Every structure is written in C-alpha cells, then in structure tokens.
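Next come the chains, spelled out residue by residue.
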Amino acid sequence: SVGKSFGRLGGVVVALRGHATFGSLRAPITCDDDALADSTSECFGGQRSDDKLRPNILGADVSVGWSLAEGRLRPYAGTGYNRLRPRFQVNFTNRFGELDDRRVEVNLDRLVVFGGATWDATPRLGISGELYAAPADAVTGRLVVRAAVGP
C-alpha cells in the first residue's frame, strides 16, 4: 500500500491510501494430506491437490482523523472502494484417476467504511481498535494492544 497524509489544521488529518494485492500461491488447498487420509472425504485415496490462487485486489480509501485529550486519543473514520478479481484453479486427481480442474472466478466491486481510535493510556501502553465493513459482505473488527518493554 501507499499512503499520504495531509494537514494538521485544528488537529485534523486527512489521509489517502491506495493498496493492491497481486501474485499467486500454489498449495494443496482443496485436498491436503489430512483430507487424503480421511475416508469420509471425497479426497480420500487421491493425489494431493496442486491448486493455484491469485487474489487480485485493488483499492483506495480516504480517512479523516483528529486528536482529543491532548493527543492521547486519536479517532478516525473513512471510506473506500475495493475491486476484487480473485481467481482459483483446482488441480486434483481423485482415486479413480479423474481430474478436477474447475476454475472459480469472482468479480466484485465493494464500497467500504471504517472507523476506529488509538488511545495512549500511558507513554508505554497504547490500545487501538477498528471496525472495517464492506456492507454487502461482512464486518471485521480488530483490537491491538501495544506495550513498550525495557528501559
């Protein structure tokens, strides 16, 4: 990702960010070793799959943050847009020698909204929380506790 923040007018900061996730991953996603040994799995007795995943994600967002409590509390809120074009290729041969080479392609465009805050409880302890939502799909939450150790 690449981002840039602007201004501190009255303690308000506006940030722009662009992000992308590209590449490919090859792994036994469909039928791993455990599934090959499980007699209730359709993978049982077959060959370990050699599947391929390409995430293909591109997005941008804008956020606004500000300071409260003499800078110890920093809330923010934002919105953005994600273009998702993931591609998944199955490559599995079952115990009968039949090849499953299905392709799964998804084309999604999603508006996202997010907000959160960072609180510096002490100079050595900080807590951050965020909610990130693609309203058409899901809401994700995260909590981070940061502690400085040592002198």
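So, how was this worked out
Position labels on residues start from 1 in each chain and follow its written sequence. In keeping with the predicted nature of the model, local features appear solely for residues at pLDDT of at least 70, side-chain atom pairs appear and are counted solely at 80 or more, and the whole-chain, interface and lining totals rest on all residues. The side-chain quantities take in all heavy atoms of the structure and omit both hydrogens and water. Any Lys or Arg side-chain nitrogen located within 4 Å of an Asp or Glu carboxyl oxygen qualifies as a salt bridge. The numbering of helices and of strands both runs from the N terminus, where a helix is a DSSP run of H or I of at least 4 residues and a strand a run of E of at least 2. Residue burial is assigned from relative accessible area. The probe radius is 1.4 Å, only protein chains are included, and a residue is buried under 20% of its type maximum, exposed over 50%, and partly exposed in between.

A. Spotlight on the pattern of salt bridges. What the rule picks out here adds up to twelve salt bridges. Across the pair aspartate 61 and arginine 17 runs a salt bridge whose closest N-O atoms are separated by 2.8 Å. On the criterion of sequence distance, the pair formed by aspartate 61 in strand S5 (residues 57–65) and arginine 17 in strand S2 (residues 13–21) is long-range, its members being 44 residues apart. Its relative accessible area of 10% is what places aspartate 61 among the buried residues. Taking relative accessible area as the criterion, arginine 17 reaches 32% and is therefore assigned partly exposed. Salt-bridge contacts for aspartate 109 lead to arginine 83; the nearest nitrogen and oxygen are separated by 3.0 Å. In this pair, aspartate 109 sits in strand S11 (residues 108–122) while arginine 83 sits in strand S6 (residues 73–84), placing the two residues 26 residues apart along the sequence. Aspartate 109 gets classed as partly exposed once you look at its relative accessible area, which sits at 33%. Owing to a relative accessible area of 38%, arginine 83 belongs among the partly exposed residues under this scheme.

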